[in-house]
Amino acid sequence: FELERLGVHDSVEAVFPPSELADFLADLPATVDVVGDDEIAACDAVVTLEHREAFLECDWVHSIQAGVDRFPFDEFEANDVVLTNSTGIHDRTVGETVAGYLLSFSRRLHDLLANQRERRWERPAWDDGFTLPGKTACVVGTGTLGRGVAETLGGLGLEVWGVRRSDEPVPGFDEIYTNDWLLEAVGDADFVIVTVPLTDETHHLFDAEAFDAMRADAYFVNVARGPVVDEPALIDALESDAIAGAALDVFEEEPLPEDSPLWAMDEVIVTPHCAAYTRDYFRDVGEIVRENVSRLETGEELYNRVV
Ligand code: NDP
């Protein structure tokens, strides 16, 4: 297809100012501008956060997220719309966010910050704090996110295991387990970190059985997608002290409802789906779009093509 107009859909505003990306791509051999819902029809391609029905009239849709579970693949296919995603850019951001969660738990920073807000001078109990070297992290999903987490945690001295569908080794992981060994792998780890895409196969991968398998002193981290976890089962595990705590960036319902018990739990860190946020986000996405525009010109298969 001919690319004459590329729209930056204004839904990306939740992650970065759309005009930053439009300016970054201003030198492309196409008109690039910020578009609202009523201008989608006039675009050949759009870069977007959210899905819109009107995208089915375009030739190409690029998701600024790696997770594309919200897009209706069948309808894209039926309407000959190409879908590409932004996997490949969130290794370091998410890796450092996860390192931050683990350091909060080990050095008690979340507790101390809560105390500070109440002007309370209160040290942790003598046996609350610990250090990370020699602890084990089981990372479920060994793609961009999993590798970034493995590299960052490896640098902090943790031993890192990966769980994936095949048993091929992955750089940065000390051990690889296949999915059939999920319960054994999570059962031996100090930290269990979820980095898989949401698919039919991973929906509620973490259920009551998985939390039962975890150690009572282990922490759970979800930076993947909310529905990978059976949230009521997680809440039960936390309330019954079957696990030590959790750091959660994603939830079954977002924003996390105000009445969720997760907000008020001492050993739970809640972040608003921002593990990958960085001031460079628009540049990282822009590089993928630029690469694909040049592939369109040469007729090569698009990078990160999903549909
Ligand atoms: P990738 O495609 O790079 O990696 C996904 C990995 O998951 C693959 O290595 C795959 O390995 C593994 N996998 C897929 N299905 C299964 C399964 N059933 N069981 C075990 N492993 C599986 O994606 P990214 O790492 O870039 O992103 C992963 C997900 O993280 C995204 O889909 C998105 O939902 C979420 N995400 C969240 C962010 C946030 O802000 N919190 C930011 C970015 C992404 P193999 O093929 O070997 O099984």
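Treat the numbers as computed from the prediction; the structure is a model and nothing was measured. (Residues numbered from 1 in each chain as written. Predicted model: local features only at pLDDT ≥ 70, side-chain atom pairs only at ≥ 80, totals over all residues. Heavy atoms only, no water.)

1. With respect to the overall build of the chain
- Per the secondary structure count, the chain includes nine helices and twelve strands.
- Over its C-alpha atoms the chain spans a radius of gyration of 21 Å, differing by no more than 12% from the 19 Å that the globule rule assigns to 307 residues.
- Dimensions of the chain along its principal axes, counting C-alpha atoms only, are 65 × 50 × 35 Å.
- Relative to its full complement of 307 residues, the chain shows a buried share of 49%.
- Sequence-distant contacts in the chain: of pairs separated by 6 or more residues, those separated by 24 or more amount to 62%.
- Taking the 21 positively charged and 64 negatively charged side chains of the chain as two groups, their mean positions are separated by 9 Å. (Helix = DSSP H or I, 4+ residues; strand = E, 2+ residues; numbered from the N terminus. Rg over C-alpha atoms; globule rule 2.2 N^0.38 Å. Buried < 20%, exposed > 50% of the residue type's maximum accessible area, 1.4 Å probe, protein only. Contact = heavy atoms within 4.5 Å. Lys, Arg positive; Asp, Glu negative; His and termini not counted. Charge placed at Lys NZ, Arg CZ, Asp CG, Glu CD.)

2. Notes on the sheet that holds strand S11 (residues 245-248)
- The strand order S8-S7-S6-S9-S10-S11-S12 describes an open sheet built from seven strands, whose pairing is parallel. In the strand order of this sheet, the two ends are held by strand S8 (175-178) and strand S12 (268-270), each with one partner. In this sheet, adjacent strand axes meet at a mean angle of 15° when their direction is disregarded.
- As paired elements, strand S9 (residues 191-194) and strand S10 (residues 219-222) share four bridges and run parallel to each other. (Pairing = 2+ DSSP bridges. Axes fitted to C-alpha atoms, helices over the stretch in contact; angles between N-to-C directions.)

3. Notes on the nonpolar core
- Leu6, Ile64, Val98, Leu102, Leu153 and Ile193 are the most contacted members of the largest nonpolar core, which totals 53 residues.
- If sequence neighbours within four positions are ignored, valine 98 has contacts with Val149, Leu153, Ile193, Val221 and Val223.
- With 34 residues, the next largest nonpolar core counts Val196, Phe220, Val229 and Ile235 among its residues. (Core = buried A, V, L, I, M, F, W, Y, C linked by side-chain atoms within 4.5 Å.)

4. Remarks on the site of the ligand
- As a structural note, the neighbourhood of the ligand is formed by 24 residues, with Thr87, Leu145, Arg164, Arg165 and Asn179 the closest of them.
- Between leucine 145 and the ligand, the recorded distance is 2.8 Å, taken from a backbone N or O atom to an oxygen atom.
- The side chain of arginine 164 places a nitrogen or oxygen atom 2.6 Å from an oxygen atom of the ligand.
- Contact with the protein chains hides 87% of the accessible area of the ligand, taken as 920 Å² for the molecule alone.
- Residues belonging to the shell around the ligand are distributed by class as follows: eight nonpolar, eleven polar and five charged. (Near = heavy atom within 4 Å. Polar contact = N/O pair within 3.5 Å; in protein donor to acceptor, adjacent residues only side chain to side chain. Areas by Shrake-Rupley, 256 points an atom, 1.4 Å probe, with all protein chains shown as cover. Nonpolar A, V, L, I, M, F, W, Y, C, P; charged D, E, K, R; others polar.)

5. Focus: the packing of aromatic side chains
- Enumeration according to the criterion identifies ten aromatic pairs in this entry.
- Ring centres 6.3 Å apart and planes at 45° place the aromatic pair phenylalanine 206 and phenylalanine 211 in the tilted group. We note that phenylalanine 206, like phenylalanine 211, is buried.
- On the numbers, 5.0 Å between centres and 85° between planes, the contact of phenylalanine 211 with phenylalanine 220 is edge-to-face. Across the pair, exposure class does not vary: phenylalanine 211 and phenylalanine 220 are buried alike.
- Grouping aromatic residues by their ring pairs yields a cluster made of Phe16, Phe24, Tyr281 and Phe282. (Phe/Tyr/Trp six-rings, centres within 6.5 Å; stacked < 30°, edge-to-face > 60°.)

6. Quick notes on the pattern of salt bridges
- One pass over the full model with this rule turns up 17 salt bridges.
- Of the charged contacts, one joins arginine 290 and aspartate 27 as a salt bridge, the two residues approaching to 3.1 Å between their closest N and O atoms. One end of the pair, arginine 290, is in helix H9 (residues 281-298); the other, aspartate 27, is in the loop between helix H1 (18-24) and strand S2 (31-35), with 263 residues separating them in the sequence.
- Here arginine 52 makes a salt bridge to glutamate 50, at a shortest N to O gap of 2.8 Å.
- Given a relative accessible area of 23%, arginine 52 falls into the partly exposed group.
- Residues participating in the shared-partner salt-bridge network are Arg5, Asp33 and Glu39. (Salt bridge = Lys/Arg side-chain N within 4 Å of Asp/Glu carboxyl O.)

7. Digging into the side chain of threonine 178
- Relative to the assigned elements, threonine 178 resides in strand S8.
- Note on threonine 178: relative accessible area 17%, which makes it buried.
- Those residues in contact with threonine 178 that sit more than four places away from it in its chain are Val163, Arg164, Arg165, Ser166 and Asp167.

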